[in-house]
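Structural description and commentary
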Amino acid sequence: MKDMAGLGHLFVASFLFYFSSFMVIPAITDVTMEAVCPGRDECSVAIYLSGFQNAVTGMGALVVTPVVGNMSDRYGRKALMTLPVTVAIAPLLILACGRSEAYFYAYYVAKIVAGIFCDGAMHCLCLAYVPRILDQVKCVWTQADHVGPKRRATAFGLLSGVSAAGFVSGTLTARFLPTASTFQVAAAVAVATALYLRAFLPDAGGVPCGDETCDPLLQDSSCSSSASSSDEELSPKLPPRKGGLPSISEMGALLTGSLALSGAATVTFFYSLGEHGLQAALLYYLKAQFGYSKDEFANLLLIVGAAGMLSQLTVMPILAPILGEEILLIIGLLGGCTHVFLYGIAWSYWVPYFAAAFVILSAFVHPSIRTNVSKNVGSNEQGIAQGCISGISSFASILGPLIFTPLTAWFLSETVPFNFKGFSILCAGFCTLIAFIISLRMRGAQSSSCKKSTTQQQQA
């Protein structure tokens with residue numbers, strides 16, 4: 001685990017960031033309902049406000065995240081990480097001071113602005129930070145000790161597990177704190193995160209070393225360790241640029257330059273669309289269908305977080321070297337489909353808790369996609385590549401609320417064409433099912449390509 005030692009401070013900063021971010025989620029639905037529709041369990045205005053917030057945040061993140069990722073390739077990860085951890089403090093401070101209607105709308109505006117810089121950028125920068133640090137550590141210890149894609153999958157899984165641990169810890173803390181104290185503690189932890197990152201996180205900017213043996217891109221193979229392929233097939237690199245921001249055509253060329261990257265982008269879009277559709281509908285659906293409140297939300301989120309943390313910290317590091325990220329992606333998407341469909345057809349208050357347990361499988365999805373992307377681009381393109389994938393996810397986060405928010409409000413109202421409150425969640429499940437089908441086709445195409453390449457090499 002020597003190659004993981006350099007990631008310790010990143011894990012701590014990531015844990016603190018997600019701890020403060022997720023601590024407020026169980027309480028925010030009740031705060032929103034109390035500020036907008038006091039004394040009611042169903043409120044279309046609150047649903048539309050949340051949907052509008054998610055759509056605007058996603059639209060901003062779609063533009064900002066690739067730019068931030070590209071800038072981190074040039075100016076260093078630490079400098080750019082300071083931006084999201086700093087702006088995340090403002091909305092928490094507002095609700096720490098009060099939760100009246102005026103404070104809520106001030107928070108609402110601040111949260112939209114902060115979300116544009118935080119929702120995709122922090123995750124993107126953490127993912128881009130991992131390969132660079134692993135490459136630096138490898139160059140310091142030994143150039144023969146190469147960090148291949150399977151080790152990278154483990155590192156991404158651990159990073160996601162640490163984030164899930166922050167989610168679980170924040171949700172558990174919120175379970176035992178009054179609402180006022182929840183926002184105060186979250187704001188204090190957010191401030192501590194910014195201070196810790198600036199004080200302890202080592203920078204990861206510039207090319208780690210000049211020797212080609214230090215670039216895992218030049219050592220890894222997309223088919224197997226015995227099969228070799230050209231660098232062009234593995235990494236559709238962008239042409240050198242003297243400066244400025246990446247153009248749409250350059251980002252498109254990066255994502256369409258190989259089957260692996262284009263497939264990852266497509267799967268990311270449909271799975272993220274289903275995810276954001278579920279997020280837009282779930283809490284309001286559970287409140288209307290089963291009368292869930294802050295404590296029930298916290299219990300459900302605890303199960304989700306604990307399952308994700310267990311999966312990414314223990315199960316994925318064991319299975320990734322054995323199965324590879326392609327098989328883990330298929331397993332994760334199958335679990336994700338089951339997870340969402342069970343929410344949509346829930347017939348009793350305990351069914352959502354059972355559905356949440358399938359997160360132990362769906363937690364494989366994002367680390368597997370990010371690993372596949374990471375091993376197909378060079379060290380100097382990690383930021384922009386991860387930023388493009390985050391941008392696609394952000395685009396899905398725009399469409400998700402636009403599609404599923406009015407659908408949820410309609411089926412929770414009294415004017416529904418038929419009585420099926422979970423209909424919008426069921427539709428979100430079909431989006432994840434499309435992602436699952438695409439991953440199966442992508443796996444088949446990659447297997448055929450690898451067999452063809454091996455046959456050509458044997459004939460040669």
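Residues numbered from 1 in each chain as written. Predicted model: local features only at pLDDT ≥ 70, side-chain atom pairs only at ≥ 80, totals over all residues. Heavy atoms only, no water.

An unreviewed UniProt entry lists the chain under the name Major facilitator superfamily (MFS) profile domain-containing protein, with Paspalum notatum var. saurae given as the organism. Here is the UniProt Subcellular location (unreviewed entry) comment for the chain, exactly as written: "Membrane". (UniProt positions renumbered as here; feature names shortened; annotations may be inferred.)

In this section: the overall build of the chain. Across its full length, the chain holds 19 helices and 0 strands. Across the 460 residues that make up the chain, the buried fraction comes to 56%. In the chain, 84% of the contacts between residues at least 6 apart in sequence involve partners at least 24 apart. Only carbon and sulfur atoms are counted for the fraction: they give 65% of the accessible area of the chain, which is about 18,300 Å². (Helix = DSSP H or I, 4+ residues; strand = E, 2+ residues; numbered from the N terminus. Buried < 20%, exposed > 50% of the residue type's maximum accessible area, 1.4 Å probe, protein only. Contact = heavy atoms within 4.5 Å. Areas by Shrake-Rupley, 256 points an atom, 1.4 Å probe, with all protein chains shown as cover.)

Okay, the confidence of the model for the chain next. Detailed reading of the predicted coordinates is not advisable wherever pLDDT falls low. Averaged over all residues, the pLDDT of the chain equals 76, while 77% of them reach at least 70. By mean pLDDT, helix α10 (residues 231-234) is the weakest element of the chain at 42, and helix α5 (residues 89-97) is the strongest at 91. Note on residues 140-148: pLDDT under 50 across the span, and 18 contacts to partners over four residues away in sequence or across chains. Across residues 239-244, where pLDDT falls below 50, the model places 8 contacts with residues more than four positions away in sequence or in other chains. (pLDDT = per-residue confidence, 0-100.)

Okay, empty space enclosed by the protein next. A full pass over the atoms with the stated rule returns 2 cavities of 30 Å³ or more. Of the voids in this model, the second largest cavity is the one considered here, and its volume is about 50 Å³. Looking at the second largest cavity, the residues that line it are Glu325, Glu326, Leu329, Ile330, Ser368, Asn372, Ser439, Met442 and Arg443. When contributions to the lining of the second largest cavity are tallied by element, the ones reaching two or more residues are α14 (325-344), α17 (365-374) and α19 (423-459). (1 Å grid on protein atoms, 1.4 Å probe; cavity = no way out; pocket = protein on both sides within 12 Å on 5 of 7 lines; lining within 4 Å. Points joined across faces, edges and corners; volume = space filled by probe spheres on them.)

Our next topic: the packing of helix α12 (residues 259-290) against α17. One can describe the packing of α12 onto α17 by two numbers: an axis separation of 10 Å at closest approach and a directional angle of 155°. In terms of orientation, α12 lies roughly antiparallel with respect to α17. Every pair of crossing elements has a handedness; the one defined by α12 and α17 is left-handed. Contacts from Ala260, Leu261, Ala264, Val267, Thr268, Tyr271, Ser272 and Glu275 of α12 reach α17 at Val365, His366, Ile369, Asn372 and Val373. Of the residues in the contact of α12 with α17, the class split is 8 nonpolar, 4 polar and 1 charged. (Axes fitted to C-alpha atoms, helices over the stretch in contact; angles between N-to-C directions. Parallel < 35°, antiparallel > 145°, perpendicular 65-115°, else oblique. Left-handed = near helix turned anticlockwise from the far one by under 90°. Nonpolar A, V, L, I, M, F, W, Y, C, P; charged D, E, K, R; others polar.)

This part covers the environment of Gly387. The topology assignment puts Gly387 in helix α18 (residues 382-411). For Gly387, a relative accessible area of 0% puts it in the buried group. Distance from Gly387 to Val64, taken between C-alpha atoms, is 8.8 Å for residues 323 residues apart in sequence. Every residue in contact with Gly387, bar those within four places of it in the chain, is listed here: Thr65, Pro66 and Cys124.

Now for the nonpolar core. Among the nonpolar cores identified, the biggest contains 65 residues, and Leu10, Met81, Phe104 and Phe183 are the most heavily contacted of them. For Phe104, the residues in contact, after removing those within four places along its chain, are Val31, Thr32, Ala35, Val36, Leu49 and Leu95. Within the second largest apolar cluster, 47 residues are counted, among which are Leu261, Phe341, Tyr353 and Phe404. (Core = buried A, V, L, I, M, F, W, Y, C linked by side-chain atoms within 4.5 Å.)

Let us now look at helix α2 (residues 25-36). Counted at 1.5 Å a residue, the expected span for α2 with its 12 residues is 16 Å, and the 17 Å between its end C-alpha atoms agrees. Within α2, 9 of the 12 residues are buried, which leaves it mostly tucked inside the rest of the structure. Burial in α2 covers these residues: Pro26, Ala27, Ile28, Thr29, Val31, Thr32, Met33, Ala35 and Val36. (Expected span 1.5 Å × (residues − 1).)

We now examine the packing of aromatic side chains. Ring pairs (aromatic) are described by centroid distance and by the angle formed between their planes. In total, this model carries 14 aromatic pairs according to the counting rule given. Ring geometry for Phe104 against Tyr108: centres 6.2 Å apart, planes inclined by 40°, an arrangement best described as tilted. Within this pair, Phe104 and its partner Tyr108 are both found in helix α6 (residues 101-118), separated by 4 residues, close to a single helical turn. Accessibility assignment for this pair places Phe104 and Tyr108 in one class, buried. Each residue in the set Phe17, Tyr18, Phe22 and Phe167 is aromatic and connected to the rest through ring pairs, giving one cluster. (Phe/Tyr/Trp six-rings, centres within 6.5 Å; stacked < 30°, edge-to-face > 60°.)

Turning our eyes to something else, we now look at the side chain of His276. With respect to the helices and strands, His276 occurs in helix α12. What His276 contacts, discounting residues up to four positions off in sequence, is Ser393, Ala396 and Ser397.

Before going further, it helps to spend a moment on the side chain of Thr57. Here Thr57 shows up in helix α3 (residues 44-75). Among all residues touching Thr57, those that are not within four sequence positions of it are Ile112, Gly115, Ile116 and Asp119.

We now examine the packing of α2 against α12. Running from N to C, α2 and α12 cross one another at 70°; their axes reach a closest spacing of 11 Å. Between α2 and α12, the interaxial angle falls into the category roughly perpendicular. Contact residues: α2 offers Thr29, Asp30, Thr32 and Met33, while α12 offers Leu283, Tyr284 and Lys287. For the contact of α2 with α12, the class distribution of residues is 3 nonpolar, 2 polar and 2 charged.

To continue, consider the environment of Gly157. Tracing the backbone through its elements, the reader meets Gly157 in helix α8 (residues 149-175). Under the relative-accessibility criterion, Gly157 is labelled buried at 0%. Once the C-alpha coordinates of Gly157 and Val315 are considered, the two residues, 158 residues apart in sequence, prove to be 9.2 Å apart.

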